[in-house]
Amino acid sequence: MNFSTNKPKVYFKTFGCRTNVFDTQVMMSNLTDFEVTTDDKNADIVIINSCTVTNSADSTARGYINSLNKLPKKPRVIFTGCGVWTKGETLFNENKIDALFGHSEKEKINDLLKSEDRFFQAGDLEHIDETIVEEFIGKSRAFIKIQEGCDFRCSYCIIPYVRGDARSYSEDKILEQVQKLASNGFGEFILTGTNVGSYGKKQHTSLAKLLKKMSLIKGVRRIRMGSIEPIQIDDEFKEIINEPFMAKHLHIALQHTSKEMLKIMNRRNKVLSDLELFEFLRDNGYALGTDFIVGHPGETNQLWAEAMENLRKFPLTHIHAFTYSKRDGIPSAIMKDIVKGDIAKERYNELVSIIEEKNYQFRKNNTKTLEILIEQEKNGKYIGLDQFFNQIEVESEVDLVGDWIFLDDYKVRQDKNVAKFK
């Protein structure tokens, strides 16, 4: 990437998931006539890479757009990301933004930014990027996007309508990217996408085969994955779970633990088989996270009680929980038996509390050496994640950012582990 004080400065504001983090890096990698800045106060142009999975995500992006009006030098505001297909047209017509482009146009960013006219280029939902990302600015871990889109049609989810159907990146491109990033010093790789477990569909390959090939690249020490579906952990995948390159953490999307609610949500997973899978992975030393939607239409008190009774049986350690958010144009939007906001909030707090205690007990009972990649220094402490995706805070007299450390001596606190590095 080229930097010059004579070039217009571009600031990227990224909302949402790891896929968006990767998409931002793709855009940065395609800038040649602009300079990236890490401070929006210095920016001539602000690119907003939006998320639209919930109403809150839309509101947060709109709030940030409004805040840019208060900057001493008002930048040109350009909108991209998943919100293009839900709120983009409204923002454009209200003159809240100066221009807009969709996912499929992001590799053209340099030419788009050179145009001083207002433009609206939503693009299509069939594109696959060709860019090889060779660096991740400000990151110790590398995100690798392996696929785009989703063929599932869960009743509550808008993402297939803003990302398109499932399509995989070519294996050669992925491996080339991993090789370049590994040669640039990255040792931990996070595979990301809209539906990671669908990788290889229609290409006569699979996620497990890709993982094996990645592990053979010099410099690759640990591989994590984004959220995958229970039905995507097949026998082939199970054969590699104890390989040393696998992080001892999987995030498996349950979305609910009530049989009836899964049916209402048009989910493909089943509670009993989910529990069997989670117990199998726990017995193989894994920490386990999940997504869970609280307050979806139809979630009665009885179904919630059943869900929590089932949830307590699951060996979970991490949770990505959020309250249901109505999105126009999808099946859940017209369902009845709406759960009131205050009830949904109570249920959310109950759910999170259960998993926080499970995580605390997991860390207390762990006897394995922690293998930690230190990602950042904050307030004089070094912060990293271990193989179980648990945060640890480390005191050290030497700079540890970007280093791998191994710890047996540490203290387990309610919210995180802490240690002194000698």
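Every value quoted in this text rests on a predicted model; they were computed, and no experiment measured them.

What counts and what doesn't
Residues numbered from 1 in each chain as written. Predicted model: local features only at pLDDT ≥ 70, side-chain atom pairs only at ≥ 80, totals over all residues. Heavy atoms only, no water. Helix = DSSP H or I, 4+ residues; strand = E, 2+ residues; numbered from the N terminus. Expected span 1.5 Å × (residues − 1). Contact = heavy atoms within 4.5 Å. Pairing = 2+ DSSP bridges. Axes fitted to C-alpha atoms, helices over the stretch in contact; angles between N-to-C directions. Parallel < 35°, antiparallel > 145°, perpendicular 65-115°, else oblique. Phe/Tyr/Trp six-rings, centres within 6.5 Å; stacked < 30°, edge-to-face > 60°. Buried < 20%, exposed > 50% of the residue type's maximum accessible area, 1.4 Å probe, protein only. Patch = residues over 30% accessible without salt bridge, like charges linked within 9 Å, V, L, I, M, F, W, Y side chains within 5 Å. Areas by Shrake-Rupley, 256 points an atom, 1.4 Å probe, with all protein chains shown as cover. Salt bridge = Lys/Arg side-chain N within 4 Å of Asp/Glu carboxyl O. Lys, Arg positive; Asp, Glu negative; His and termini not counted. Charge placed at Lys NZ, Arg CZ, Asp CG, Glu CD.

## Description of helix H6 (residues 171–183)
Here is step 1: With 13 residues, H6 should reach 18 Å at 1.5 Å per residue; the first-to-last C-alpha distance of 18 Å fits that figure.
Here is step 2: Elements that come into contact with the buried residues of H6 comprise helix H1 (18–29), strand E7 (142–145), strand E10 (188–192) and helix H7 (207–215).

## Observations regarding the sheet that holds E7
Here is step 1: In spatial order, the strands read E7-E10-E11; together these three strands make up an open sheet with parallel pairing. Whereas interior strands pair on both sides, the edge strands pair on one side only; in this sheet they are E7 and strand E11 (222–225). On average, adjacent strands in this sheet sit at an angle of 25 degrees to one another, irrespective of strand direction.
Here is step 2: Packed on one face of the sheet, H6 meets E7 and E10 and runs near 170 degrees to E7.
Here is step 3: Lying on the sheet, H7 is in contact with E10 and E11; it crosses E11 at an angle near 155 degrees.

## Description of the packing of helix H11 (residues 301–311) against helix H12 (residues 341–365)
Here is step 1: As a packed pair, H11 and H12 sit with axes 11 Å apart at the nearest point and diverge in direction by 5 degrees. Considered as vectors, H11 and H12 are oriented roughly parallel to each other. On H12, the residues touching Asn301, Trp304, Met308 and Leu311 of H11 are Arg347, Glu350, Leu351, Ile354, Ile355 and Lys358.

## Looking at the sheet that holds strand E20 (residues 417–420)
Here is step 1: If you walk across this open sheet you meet the six strands as E18-E15-E16-E17-E20-E19, and the pairing is mixed. Only two strands of the sheet have a single neighbouring strand rather than two, namely strand E18 (404–407) and strand E19 (411–412).
Here is step 2: Inspection of the sheet shows strand E15 (residues 370–378) paired to E18 by four bridges, in the antiparallel sense. Opposite Glu371, over in E18, you have Phe406 as the bridge partner.

## So, the packing of aromatic side chains
When we look at a pair of aromatic rings, we describe it by the centre distance and by the angle of the planes.
Here is step 1: In the structure shown here, the tally under the stated rule is five aromatic pairs.
Here is step 2: Geometrically, the ring pair formed by Phe278 and Phe314 is edge-to-face, given 5.3 Å between the ring centres and 80 degrees between the ring planes. Taken as a pair, Phe278 in helix H10 (residues 271–283) and Phe314 in the loop between H11 and strand E14 (318–323) lie far apart in primary sequence, 36 residues in all.
Here is step 3: Exposure remark for Phe278: the relative accessible area of 0% places this residue in the buried category.
Here is step 4: Note on Phe292 and Trp304: the rings are 6.2 Å apart at their centroids and 90 degrees apart in plane angle, and the pair reads as edge-to-face. Taken together, the residues span a long stretch of sequence, with Phe292 in strand E13 (residues 287–294) and Trp304 in helix H11 at a distance of twelve residues. No difference in accessibility class separates Phe292 from Trp304, as the two residues are buried.

## What about a positive patch on the surface?
Here is step 1: A cluster of basic residues, Lys411, Arg413, Lys420 and Lys422, forms a positive patch at the surface.
Here is step 2: Checked against the element boundaries, Lys422 lands in the segment after E20.

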